[in-house]
Amino acid sequence: MKLIMAIVQDKDTNRLTDALAEHDYKSTKLATRGGFLKEGNTTLMIGVDDGQVDHVLEIIEENCSKRDQMVAPISPMGGNADSYIPKPVKVEVGGANVFVLPVESFFHF
Ligand code: 2BA
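Not measured: the values here are computed from a predicted model.

1. Considerations on the sheet that holds strand S6 (residues 96-102)
Backbone hydrogen bonds hold the strands of a sheet together, and the pairing may be parallel or antiparallel.
Moving on, step 1. The 4 strands lie next to each other as S2-S3-S1-S6, forming an open sheet whose pairing is antiparallel. Looking at which strands have only one partner, the edges of the open sheet turn out to be strand S2 (28-33) and S6. Pairs of neighbouring strands in the sheet enclose a mean axial angle of 20°, with direction left out of account.
Moving on, step 2. One ladder, built from 6 bridges, connects S2 with strand S3 (residues 40-48); its direction is antiparallel. Residue pairing in the sheet places lysine 29 in a bridge with leucine 44 of S3.
Moving on, step 3. Helix H1 (residues 10-22) contacts strand S1 (2-8), S2 and S3 of the sheet and is inclined by roughly 20° relative to S3.

2. Some details on unusual backbone geometry
Moving on, step 1. Residue glycine 95 is reached from glycine 94 by a cis peptide bond, and omega for that bond is 0°.
Moving on, step 2. Tracing the backbone through its elements, the reader meets glycine 95 in the loop between strand S5 (89-93) and S6.
Moving on, step 3. The phi dihedral of aspartate 24 falls on the positive side, at around 65°, and the residue is not glycine.
Moving on, step 4. Mapped onto the elements, aspartate 24 comes out in the loop between H1 and S2.
Moving on, step 5. Residue aspartate 24 is classed as exposed on the basis of its relative accessible area, which comes to 69%.
Moving on, step 6. Of note in this structure, lysine 38 is not a glycine but carries a positive phi near 60°.
Moving on, step 7. By the secondary structure assignment, lysine 38 is in the loop between S2 and S3.

3. Quick word on the packing of aromatic side chains
Moving on, step 1. Per the counting criterion, the structure on display carries 1 aromatic pair.
Moving on, step 2. Seen in terms of ring centroids, phenylalanine 107 and phenylalanine 109 are 5.7 Å apart; in terms of plane orientation they differ by 5°. Their pairing is stacked.
Moving on, step 3. Residue phenylalanine 107 is classed as exposed on the basis of its relative accessible area of 57%.

4. Overview of the environment of valine 8
Moving on, step 1. For valine 8, the location among the structural elements is in strand S1.
Moving on, step 2. For valine 8, a relative accessible area of 2% translates into the label buried.
Moving on, step 3. For valine 8 and isoleucine 60, which are 52 residues apart along the polypeptide, the C-alpha to C-alpha distance reads 8.9 Å.
Moving on, step 4. Each residue touching valine 8, except ones within four places of it in the same chain, is listed here: Thr13, Leu16, Asn41, Thr42, Cys64, Gly95 and Ala96.

Cut-offs used in this document
Residues numbered from 1 in each chain as written. Predicted model: local features only at pLDDT ≥ 70, side-chain atom pairs only at ≥ 80, totals over all residues. Heavy atoms only, no water. Pairing = 2+ DSSP bridges. Helix = DSSP H or I, 4+ residues; strand = E, 2+ residues; numbered from the N terminus. Axes fitted to C-alpha atoms, helices over the stretch in contact; angles between N-to-C directions. Contact = heavy atoms within 4.5 Å. Buried < 20%, exposed > 50% of the residue type's maximum accessible area, 1.4 Å probe, protein only. Phe/Tyr/Trp six-rings, centres within 6.5 Å; stacked < 30°, edge-to-face > 60°.

Function cannot be read off these values alone, since they describe shape.
Below, the structure is given as structure tokens:
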């Protein structure tokens, strides 16, 4: 068994969870926040059998879009100078960042 953890943009979440449910994959949605943009995103946990991993990855890829986002300048005043960005820059976010983790055991009580 594997645990797929997919970090996706909020805008893609409903489409993706609907597509997963259509194929009878169960998922749990966590409200998360990216460390760089400091904006909300969504992390989905999807527990699947090993043979289902590729299919779930296909569904994630089909339902998550890449988007460009501008990062506004952040003043270092009162903030962390390490994260100071002097002028707006464009970053490409997504479609999805996915981790596939081995599961030692799974219990459903
Ligand atoms: P954020 O950390 O808010 O990053 C949003 C986007 O900003 C990233 O898109 C990337 O294009 C850019 N970015 C991130 N760190 C950067 C840096 N140090 N310099 C320049 N640009 C940077 P994605 O790569 O698609 O990531 C989307 C979200 O997925 C991330 O949001 C984060 O929440 C998560 N993520 C990505 N890689 C991860 C990793 N290795 N471990 C844990 N979470 C990750």
